[in-house]
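Below are the chains, spelled out letter by letter.
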Amino acid sequence: MVQSPPLQGLRVLEFAGLAPGPFAGMLCADFGAHVLRVDRAHPSAHTDQLPPPTADQLTRRKSSICVNTKTSAGIELLKTIIPTIDILIDPFRPGVLEKMGLGPEEVLMRLNPRLIVARMTGFRRDGKYKDMAGHDINYIAVSGVLSMLGRHHEKPYPPGNIVGDFAGGGAMCFLGIVLALLHRERNGLGQVVEANMVDGSAFMATMPRFATKLPVWGGERGTNQLDGGCPFYDTYETKDGGYMAVGALEPQFFAALLKGMGIEESAIGGNRMDKGTWKKQAEMYTAKFKEKTRAEWEKIFDGTDACCTPVITQRELEKDGFDQRPVVTLKSSPSLAMADSDLEDRPVAEGQGIGITGNGWESKGMSPSDGGEEILSIWMGWVKGRHYEVKDGALEFVERGSRPKL
């Protein structure tokens, strides 16, 4: 019997940001939490003509309110909400939340001892870069990860913002939230979760870091078995401009690869593991893959153990109807679904519920103030004009005396 998603009913207040913070919030929403984003004031917020969506695309199942955190009435509104929520996501640089008058230990957790405050920064809060601006490339640079990525004799190559913002940032922040929730079940108390992309991305590179002490990754960047230096663990262009990915590390898989390419092992000029043969192997495989189209190579290698697969683009996957699925499958309490389909026939691996428009391939973003007043009505029982009002494109608290002052 399928039960509700594991975070069903939890309330999350997410301060607007980009990439890692919203990603952690989206993971909370996917697993059932109600996520309310706090946006900056906008002239048309909370009107019949909503502002255009922000640059944040990670808005699945979220709602928004606009609050001017530079006014006492705006901060008062947030303080009044705090006792009713479970998780607060802080995406700001160190000190910003404190300047608002919302320091975690000083204010927030005194208002709500069960609150989990998830703080997401790029650099370490106590490191030499803590007061500097940065982006994914900077965080993975000082973590040591960027130095490992790229071809030999070429500059380090940043892998988009996947390693820092998302793997080492948002996903690690979400892990911290889940661990804090587990601990709260035991002692009834919340806590501050501090995540940063330097430590997060460094942790993601634990195995490569250990491997630098071993032959498998002990050479210079781009000369090792898993970083593009090894000819049987690399990508190759095909006749039609496509690419095939080769990962034939084990002997039996390597034998299947050579069989599919029609190459005798004796032709590589020695032991395949000998780096002295790698240049010749790379030249042979480069020439061989250029002889056929990607589709022709797929036909040869599909169903084999050659560890040789096509490099499929995102556009191809979308066009072919590849289904986007939750990050993990919980058999008894799966997350919410990302795609519309017949609810009775949907496999547990695809999540549950009616799904959302776009089937996981696009996001229309979210306009500031979209749906937020409805959430305040559900969470707080608030009515506009009695409990809050709209002033200069933001909500302000108007009911006084309902909460003890700190």
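If you look the protein chain up in an unreviewed UniProt entry, it shows as Alpha-methylacyl-CoA racemase from Saxophila tyrrhenica. In its Sequence similarities (unreviewed entry) section, the UniProt entry covering the protein chain states "Belongs to the CoA-transferase III family."

Turning our attention to the nonpolar core. Ranked by internal contacts, the top residues of the largest apolar core, which has 31 residues, are Phe15, Ile65, Leu77, Ile81 and Leu88. Not counting residues within four places of it along the chain, the set of residues in contact with leucine 88 comprises Leu13, Phe15, Ile82, Leu97, Leu108, Leu115, Ile116, Val117 and Ala118. Leu7, Ala118, Met120 and Cys173 belong to the second-largest nonpolar core, a separate cluster that totals 29 residues.

Turning to the sheet that holds strand S9 (residues 308-310), a few remarks are in order. If you walk across this open sheet you meet the three strands as S7-S8-S9, and the pairing is antiparallel. Taken across any chain shown, the strands that pair with only one partner, and hence form the sheet edges, are strand S7 (233-237) and S9. Each adjacent strand pair in this sheet contributes to an overall mean axis angle of 25°, direction not counted. As judged from the three bridges shared by strand S8 (residues 243-247) and S9, these two strands associate in the antiparallel manner. Following the sheet pairing, methionine 244 is matched in S9 by proline 310. Sitting on the sheet, helix H10 (residues 278-289) is in contact with S7, S8 and S9, with an inclination near 40° to S7. The strands that helix H11 (residues 294-301) touches are S8 and S9; relative to S8, the one it contacts most, it runs at about 35°.

Let us now look at the pairing of strand S11 (residues 394-397). A two-sided burial pattern is seen for S11, the buried positions comprising Ala394 and Glu396 on one face and Leu395 and Phe397 on the other. Pairing between strand S10 (residues 388-391) and S11: four bridges, direction antiparallel. Across the sheet, residue valine 390 finds its bridge partner in S11, namely leucine 395. Counting the residues in the hairpin turn of S10 and S11 gives two residues, including aspartate 392, whose phi is positive at 55°.

Quick look at the packing of aromatic side chains now. Applying the stated criterion to the full structure yields 13 aromatic pairs. Aromatic pair phenylalanine 289 and tryptophan 297: ring centres 4.9 Å apart, planes at 55°, arrangement tilted. Grouping aromatic residues by their ring pairs yields a cluster made of Tyr236, Tyr285, Phe289, Trp297 and Phe301. Cation over ring: arginine 272 sits above phenylalanine 232, and NZ or CZ is 4.8 Å from the ring centre. Sitting over the face of the ring of phenylalanine 254, arginine 272 holds its NZ or CZ atom 4.8 Å from the ring centroid.

What counts, and where the lines are drawn
- Residues numbered from 1 in each chain as written.
- Predicted model: local features only at pLDDT ≥ 70, side-chain atom pairs only at ≥ 80, totals over all residues.
- Heavy atoms only, no water.
- UniProt positions renumbered as here; feature names shortened; annotations may be inferred.
- Core = buried A, V, L, I, M, F, W, Y, C linked by side-chain atoms within 4.5 Å.
- Buried < 20%, exposed > 50% of the residue type's maximum accessible area, 1.4 Å probe, protein only.
- Contact = heavy atoms within 4.5 Å.
- Pairing = 2+ DSSP bridges.
- Helix = DSSP H or I, 4+ residues; strand = E, 2+ residues; numbered from the N terminus.
- Axes fitted to C-alpha atoms, helices over the stretch in contact; angles between N-to-C directions.
- Phe/Tyr/Trp six-rings, centres within 6.5 Å; stacked < 30°, edge-to-face > 60°.
- Lys NZ or Arg CZ within 6 Å of the ring centre and 35° of its normal.

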